[in-house]
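Here is how the chains run, residue by residue.
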Amino acid sequence: MRHPKKQKRSEPMARPSQFIQILATALKKAPGALPSEDALLLSPKNEAQSERFFFRHFAQCRLSINLYDSAGTRQINTYAPESKMVFPAQLQMTRQSVSGCAFVVIEDKLFFLYDHVERFHDVPNHIAFVAVHLESSHLAALSEDAPTMALTPSEYVLLAHLLSGKDLLAAAEATGASYDTKRKQIRTVLDKFGAKTQTALLRTLSLDITAAVLDEILPLQDRRPETAQIKRQFGRAVIVNHISIGENDEFPIWEFGARRGQPVLYFHSMLSPVLFEDELIRSLKAQNLRLLLVPRHFLSFTLEGAPEARMGRFSKAMAEIVDYMSDTPVLCLAESAGVPWAAHFLRHHPDCVSKLVLCGTPQLFKAVKDSSSPTIFVDMSHRLRSDPRVLVGLTQVYNALSRVPAFAQKGLGHLFRKSEADLACLHTLFERAHLADWLRLIANHATLASIDEMISLQRDWHADLLATRCPMVMLHGCEDPISPIEDAKAIAKDMPDARFEPVENAGHLIFSEAIHRVLPHLICD
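Bear in mind the structure is a predicted one, so any value in this text is a computation, not a measurement.

Caption draft 1: Seen up close, the environment of Ala-48. By secondary structure assignment, the location of Ala-48 is in helix α3 (residues 45-58). Classification of Ala-48 by relative accessible area gives partly exposed; the value is 25%. Taking C-alpha positions, Ala-48 is 9.4 Å from Ile-76, a pair spaced 28 residues apart along the chain.

Caption draft 2: Looking closely at the pattern of salt bridges. Per the counting criterion, the structure on display carries 20 salt bridges. Salt-bridge contacts for Arg-310 lead to Asp-452; the nearest nitrogen and oxygen are separated by 2.4 Å. Of this pair, Arg-310 sits in helix α11 (residues 307-325) while Asp-452 sits in helix α18 (residues 449-458), and the two are 142 residues apart along the sequence. Through salt bridges with shared partners, one network takes in Asp-208, Glu-255, Arg-259 and Arg-290.

Caption draft 3: The packing of helix α14 (residues 389-402) against helix α17 (residues 434-445), seen in detail. Where α14 contacts α17, the axes come no closer than 8 Å and their chain directions differ by 135 degrees. Relative to α17, α14 is oriented oblique. The two elements α14 and α17 meet at a crossing, and its hand is left-handed. Together, Tyr-398, Asn-399 and Ser-402 of α14 and Leu-439, Arg-440 and Ala-443 of α17 make up the contact between the two elements. For the contact of α14 with α17, a count of residues per class yields three nonpolar, two polar and one charged.

Caption draft 4: Geometry of the confidence of the model for the protein chain. Across the protein chain, the average pLDDT comes to 83, with 83% of residues at 70 or higher. Confidence drops under a pLDDT of 50 for residues 1-14, and excluding neighbours within four residues, the segment shows zero contacts in the predicted structure.

Caption draft 5: Examining the layout of surface pockets more closely. Within this model, the second largest pocket holds a volume of roughly 740 Å³. Met-270, Met-380, Tyr-398, Leu-412 and Leu-415 are, among the 30 residues lining the second largest pocket, the residues nearest its centre. Of all elements in the fold, only α13 (376-386), α14, α15 (405-415) and α18 reach the threshold of two or more residues within the lining of the second largest pocket. Grouping the amino acids of the lining of the second largest pocket by side-chain chemistry returns 21 nonpolar, nine polar and no charged.

Caption draft 6: Main features of the side chain of Asp-422. Note on placement: Asp-422 falls in helix α16 (residues 420-431). Arg-417 provides the closest opposite charge to the buried, unpaired Asp-422, separated from it by 11 Å. A distance of 2.9 Å separates a polar side-chain atom of Asp-422 from the backbone nitrogen of His-508. Once residues lying within four places of it in the same chain are set aside, the contact partners of Asp-422 are Phe-416, Pro-481, Gly-507, His-508, Leu-509 and Glu-513.

Caption draft 7: Just the sheet that holds strand β2 (residues 101-106), in detail. Reading across from one edge, β1-β4-β3-β2 is the order of the four strands in this open sheet, with antiparallel pairing throughout. Lying at the two open borders of the sheet, with one neighbouring strand each, are β1 (64-69) and β2. Averaged over neighbouring strand pairs, the angle between their axes works out to 30 degrees when direction is ignored. Where β2 meets strand β3 (residues 109-114), six bridges bridge the pair, whose relative direction is antiparallel. Paired with Ile-106 across the bridge in β3 is Lys-109. Sheet strands touched by helix α5 (residues 153-163): β2, β3 and β4 (127-134). Its angle to β3, the strand with the most contacts, is close to 30 degrees.

Caption draft 8: Seen up close, the pairing of strand β6 (residues 249-257). Of all nine residues making up β6, nine are buried, and the element is well covered by its neighbours. Bridging between strand β5 (residues 238-245) and β6 involves eight bridges; their strand directions are antiparallel. When the bridges of β6 are listed, Asn-241 appears paired with Ile-253. Inspection of the sheet shows β6 paired to strand β8 (residues 289-293) by four bridges, in the antiparallel sense. Pairing of Glu-255 across the sheet is with Leu-292, part of β8.

Caption draft 9: Quick peek at the packing of aromatic side chains. Summed over all chains, the structure comprises 19 aromatic pairs. Centroid distance Trp-254 to Trp-438: 5.8 Å. Interplanar angle 40 degrees. Geometry classified as tilted. Of this pair, Trp-254 sits in strand β6 while Trp-438 is found in helix α17, placing the two residues 184 residues apart along the sequence. Given a relative accessible area of 0%, Trp-254 falls into the buried group. Aromatic pair Tyr-266 and Phe-276: ring centres 6.4 Å apart, planes at 55 degrees, arrangement tilted. Of this pair, Tyr-266 sits in strand β7 (residues 262-267) while Phe-276 sits in the loop between β7 and α10 (278-286), placing them ten residues apart in sequence. Residue class for Tyr-266 comes out buried when judged on its relative accessible area of 3%. Assessed through its relative accessible area of 4%, Phe-276 is described here as buried. Taken together, the ring pairs connect Phe-53, Phe-54, Phe-55, Phe-58 and Phe-120 into an aromatic cluster.

Caption draft 10: Just α5, in detail. The buried fraction of α5 amounts to nine of the eleven residues, a majority that puts the element mostly inside the structure. Two residues or fewer past α5, Gly-165 is found with a positive phi of approximately 110 degrees.

Caption draft 11: Expanded view of the nonpolar core. Core analysis: the biggest nonpolar cluster contains 47 residues, and Phe-58, Phe-112 and Leu-159 have the highest contact counts within it. Ile-243, Ala-319, Ala-334 and Ala-342 belong to the second largest nonpolar core, which has 42 residues in total.

Rules of the game
- Residues numbered from 1 in each chain as written.
- Predicted model: local features only at pLDDT ≥ 70, side-chain atom pairs only at ≥ 80, totals over all residues.
- Heavy atoms only, no water.
- Helix = DSSP H or I, 4+ residues; strand = E, 2+ residues; numbered from the N terminus.
- Buried < 20%, exposed > 50% of the residue type's maximum accessible area, 1.4 Å probe, protein only.
- Salt bridge = Lys/Arg side-chain N within 4 Å of Asp/Glu carboxyl O.
- Axes fitted to C-alpha atoms, helices over the stretch in contact; angles between N-to-C directions.
- Parallel < 35°, antiparallel > 145°, perpendicular 65-115°, else oblique.
- Left-handed = near helix turned anticlockwise from the far one by under 90°.
- Contact = heavy atoms within 4.5 Å.
- Nonpolar A, V, L, I, M, F, W, Y, C, P; charged D, E, K, R; others polar.
- pLDDT = per-residue confidence, 0-100.
- 1 Å grid on protein atoms, 1.4 Å probe; cavity = no way out; pocket = protein on both sides within 12 Å on 5 of 7 lines; lining within 4 Å.
- Points joined across faces, edges and corners; volume = space filled by probe spheres on them.
- Lys, Arg positive; Asp, Glu negative; His and termini not counted.
- Polar contact = N/O pair within 3.5 Å; in protein donor to acceptor, adjacent residues only side chain to side chain.
- Pairing = 2+ DSSP bridges.
- Phe/Tyr/Trp six-rings, centres within 6.5 Å; stacked < 30°, edge-to-face > 60°.
- Core = buried A, V, L, I, M, F, W, Y, C linked by side-chain atoms within 4.5 Å.

Below, the structure written as structure tokens:
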């Protein structure tokens, strides 16, 4: 008996599973536009790690962000129709900055890349850098000078190429336009931002963008407490930049006043990086001055190595900062304990300084004028030099008092009790809580800073000033209780290029008390 020939069964057409059908319907896309089911449900381990890391850290960011691995492959993908994928599938980090930041242009889109991902304690090993898409509106919004300005599409593309490191000729070629056309267009862009030169615009804009983006994306625990404090006090009136010097050092730079103004490098006092209020910033803007401040209390190398080596390291960094942020030598302003640091900088980098203005010059460790009742500073200097252990004990006491506002105010009140101007200034600063906050922050997060400041005051900084030939102005309060005016006059007399000006009704905190006397000396003739 012959059995009927078994007919070959035809294979059914492959159909997407119910999961894919539901997903396609929900997304209103054809199934063919989606990856395979295996690709969706069985994603590689790296992609799963990337997503967990991404949503832990960047879900609440206001900027458009993505992650890339060491091969330059995009890690975060989206299939929802309303989520347009602006990030390219492949993107490479350029090595144009030791700070880990770079700008690149892909298909007329500007991206900010950051590869110091080790700052995130839980970053997966395969993640190489973070990419941020910067739209035209971001370039204005992230600029302190033109937050409401609008760029045309072609202006945005031109600026993007310039930020990525191209010169104007290369940017014109990249956009397919003539050099002459782009030369005229960059003039319009400069006018919109209120900048004088292309170099100045790119320098300022790149700093603004970098500071704003890093403030948005860096993990909370990595944000500096002093940065949070200065932002809390001044808000948008202060710009916080970070510049990498060498291989390991990163220096914060705070900017106040007119963003395009004449730069003034400020060496702050021992009490706090800032002892001024909003009124000073308004005065700086009115005089077209741009105050640059490096808060040395919070630098990472405090008390590393010998004191002279630390000061040399600091001065070298200041020279690089001046070279980066200004096309010409800058005027330097130093207050109180900032004078030794400024004097060292001037002596070792004289080409960086056009003029030096000193406010409340400290007393030398050996008084110029002998007195039967030496000041507290001279008496303390003798003790420190006779027994180095006194320095550690003094610092512990100082920090303990600084952590309690009531004690700090009482202690400083006693120290400045012979100057009504200083007492009134301190009362105002404590009343607004700003000085108390700074003293507590320094005591808790920069506990060795006061030791470093006291050590710098004990060195022969007077010799640094004598070794230079630079225009110099010394402003000194007539009722200064910390550094007697007779000593300050004697110091000025030794320096032929120094001009001494006594200030009536002012004490040691002269920069805060008599700003109207200081500002005229900060304006270039």
